[in-house]
Amino acid sequence: MGERKKIALIGAGNIGGELASLAARRELGDVILVDIPDKEGVAKGKALDISQACALEGYDASIKGTSNYADIAGVDVCIVTAGIPRKPGMSRDDLLAINVKIIRAVGAGIKEHAPNAFVIVISNPLDAMVYAMQKVTGFPHNRVVGMAGALDSARFQHFIADELGVSTKEVGALVLGGHGDTMVPTLSYCTVNGIPVTQLIEKTKLDAIVERTKKGGGEIVGLMGTSAYVAPAAGAIAMAGSFLQDQKRVIGCASFLTGQYGHEGIYMGVPSVIGKTGVEKIIEVELTDDEKELLNKSAAHVRDLVASVDKL
Ligand code: APR
């Protein structure tokens, strides 16, 4: 058996705690939960709680809490949730100015102590935060990626499965574009065990499902008063697992575009192959004219966010 992998989770809040629990349960590697000095107790407490669950459930993982970046030395993966989550009525973009400062501080810590890590960003507004993270670390673009498409596709899959009364496992879905209200759930690539969903659900219902998917995050913020954390953690763990175990899964991620889908120089949600070197390939699919137009609008919105990051 090879050496145990190490995973740093930067931010020990709602998503960070869920990530630690999932990483331990899947025995992906040893976990270091990092938060600011004021919240070190929370990081240490969550680490102890999950370690004690390991004893009950019989899985092997060492989980430690810290506020010292030196403790992430040599990690294979960093998953970043540091930042503040949305409050009711706040858009992801409202978070930009606050979270970009946090991402720059976190990125400096990662660059110094974990220069070879694969970095998965979850903090919002996602497409802008992953851009800021790559800039501050200077890591190759294929080693810095954002978690969004996995979550947005999962929401789309759930709503389709729920409408049809079938298992979510049978539903395949592809959501492209920025992680926000401009995302593009593609009906032409949504299938139920290979059957195009357009043959199974009438157009008005499908349109409503697309709208609900786009606002899927906001729906949960409205209900709970804070952002979702279970499905976002599951999305990032799928990406981390594909990297650590070289699974080469095809996952919707905010990847850096170099001309794919007609865009370059920005991070945006596209189907990406994740293996042991990070994002190994971006898959380009044909889109309808409507989908192309929506994707271009989404890219324009991402460009605006990136311009705001560059000004800060
Ligand atoms: N270094 C490490 N941790 C930090 C830093 C920092 N510089 N700044 C803030 N944090 C921590 C906070 O102390 C907090 O514990 O990040 C954690 C964020 O946790 P929550 O507030 O519970 O937020 P969460 O629901 O986990 O969401 C985190 O992901 O989906 C996005 O919009 C969401 O941007 C938000 C992020």
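Since we're looking at a predicted model, the values are computed, not measured. (Residues numbered from 1 in each chain as written. Predicted model: local features only at pLDDT ≥ 70, side-chain atom pairs only at ≥ 80, totals over all residues. Heavy atoms only, no water.)

## Observations concerning the overall build of the protein
Of the regular secondary structure elements, the protein holds nine helices and 14 strands. For 312 residues, the compact-globule estimate of 2.2 N^0.38 gives 20 Å, and the C-alpha radius of gyration of the protein, at 19 Å, lies within 12% of that figure. For the protein, long-range pairs separated by at least 24 residues make up 69% of all intrachain contacts whose partners lie at least 6 apart in sequence. As presented, the protein carries roughly 13800 Å² of accessible surface, and 52% of it is formed by carbon and sulfur atoms. Between the averaged position of the 32 positive side-chain charges in the protein and that of its 36 negative side-chain charges there is a distance of 3 Å. (Helix = DSSP H or I, 4+ residues; strand = E, 2+ residues; numbered from the N terminus. Rg over C-alpha atoms; globule rule 2.2 N^0.38 Å. Contact = heavy atoms within 4.5 Å. Areas by Shrake-Rupley, 256 points an atom, 1.4 Å probe, with all protein chains shown as cover. Lys, Arg positive; Asp, Glu negative; His and termini not counted. Charge placed at Lys NZ, Arg CZ, Asp CG, Glu CD.)

## Here we look at the packing of aromatic side chains
The tally for this structure, following the rule as stated, stands at two aromatic pairs. Judged by centre distance (4.5 Å) and plane angle (20°), the ring pair of F118 and F243 falls under stacked. You can see F118 sitting in strand β5 (residues 118-121) and its partner F243 sitting in helix α8 (residues 230-244), a full 125 residues away along the chain. On the basis of relative accessibility, which here comes to 0%, the residue F118 falls in the buried class. One residue, R143, lies across the ring of F139, its end atom 4.6 Å from the ring centre. (Phe/Tyr/Trp six-rings, centres within 6.5 Å; stacked < 30°, edge-to-face > 60°. Buried < 20%, exposed > 50% of the residue type's maximum accessible area, 1.4 Å probe, protein only. Lys NZ or Arg CZ within 6 Å of the ring centre and 35° of its normal.)

## Overview of the nonpolar core
Counting 88 residues, the largest nonpolar core has I72, I79, I110 and I120 as the members making the most contacts within it. For this core, the element with the highest residue contribution is α8, accounting for eight residues. Two domains each donate at least three residues to this core, and these are domain 1 (6-147) and domain 2 (149-311). If we ignore the near neighbours within four places in the chain, the residues touching I79 are I7, A8, L9, I10, L19, I120, I122, A236, I237 and A240. A161, V171, V175 and V210 belong to the second largest nonpolar core, which has 15 residues in total. (Core = buried A, V, L, I, M, F, W, Y, C linked by side-chain atoms within 4.5 Å. Domains from an automatic or database assignment.)

## Section: the site of the ligand
In the neighbourhood of the ligand, 22 residues make up the surrounding shell, with N14, I15, D35, T81 and N124 lying closest. Taking Y69, its side chain carries an N or O atom lying 3.3 Å from a nitrogen atom of the ligand. Between the ligand and I84, the relevant distance is 3.2 Å, taken from an oxygen atom to a main-chain nitrogen or oxygen of the residue. Protein burial of the ligand: of its 730 Å² of free accessible surface, 88% is covered by the chains. Where the shell around the ligand is concerned, the elements lending two or more residues are α1 (14-25) and α3 (96-113). Broken down by element, the residue count for the shell around the ligand peaks at three residues, all from α3. Taken together, the residues of the shell around the ligand sort by class into 11 nonpolar, nine polar and two charged. (Near = heavy atom within 4 Å. Polar contact = N/O pair within 3.5 Å; in protein donor to acceptor, adjacent residues only side chain to side chain. Nonpolar A, V, L, I, M, F, W, Y, C, P; charged D, E, K, R; others polar.)

## With respect to the sheet that holds strand β13 (residues 264-275)
Pairing in this open sheet of nine strands is mixed, and the strands run β3-β2-β1-β4-β5-β6-β12-β13-β14 from one edge to the other. The open sheet has two edge strands, β3 (63-66) and β14 (278-282), and neither has a second partner. Between one strand axis and the next, the sheet turns through 35° on average, direction left out of account. Two elements, strand β12 (residues 249-258) and β13, share nine bridges in a ladder whose sense is antiparallel. Paired with V250 across the strands is V273, a residue of β13. (Pairing = 2+ DSSP bridges. Axes fitted to C-alpha atoms, helices over the stretch in contact; angles between N-to-C directions.)

## Quick notes on the pairing of strand β1 (residues 6-10)
Counted residue by residue, β1 has four buried out of five residues, so it is predominantly covered. Inspection of the sheet shows β1 paired to strand β2 (residues 30-34) by five bridges, in the parallel sense. The partner of L9 across the bridge, within β2, is L33. With respect to chirality, the unit in which β1 leads through α1 into the neighbouring parallel β2 is right-handed. Of the strand pairs in this sheet, β1 and strand β4 (residues 77-80) are connected by four bridges, and their pairing is parallel. Paired with I10 across the two strands is V80, which belongs to β4. (Right-handed = clockwise from strand over helix to strand, strands pointing away.)

## Concerning the side chain of S227
By secondary structure assignment, the location of S227 is in the loop between α7 (216-224) and α8. By relative accessible area, which is 18% here, S227 ends up buried. Once residues lying within four places of it in the same chain are set aside, the contact partners of S227 are P85, R86 and V221.

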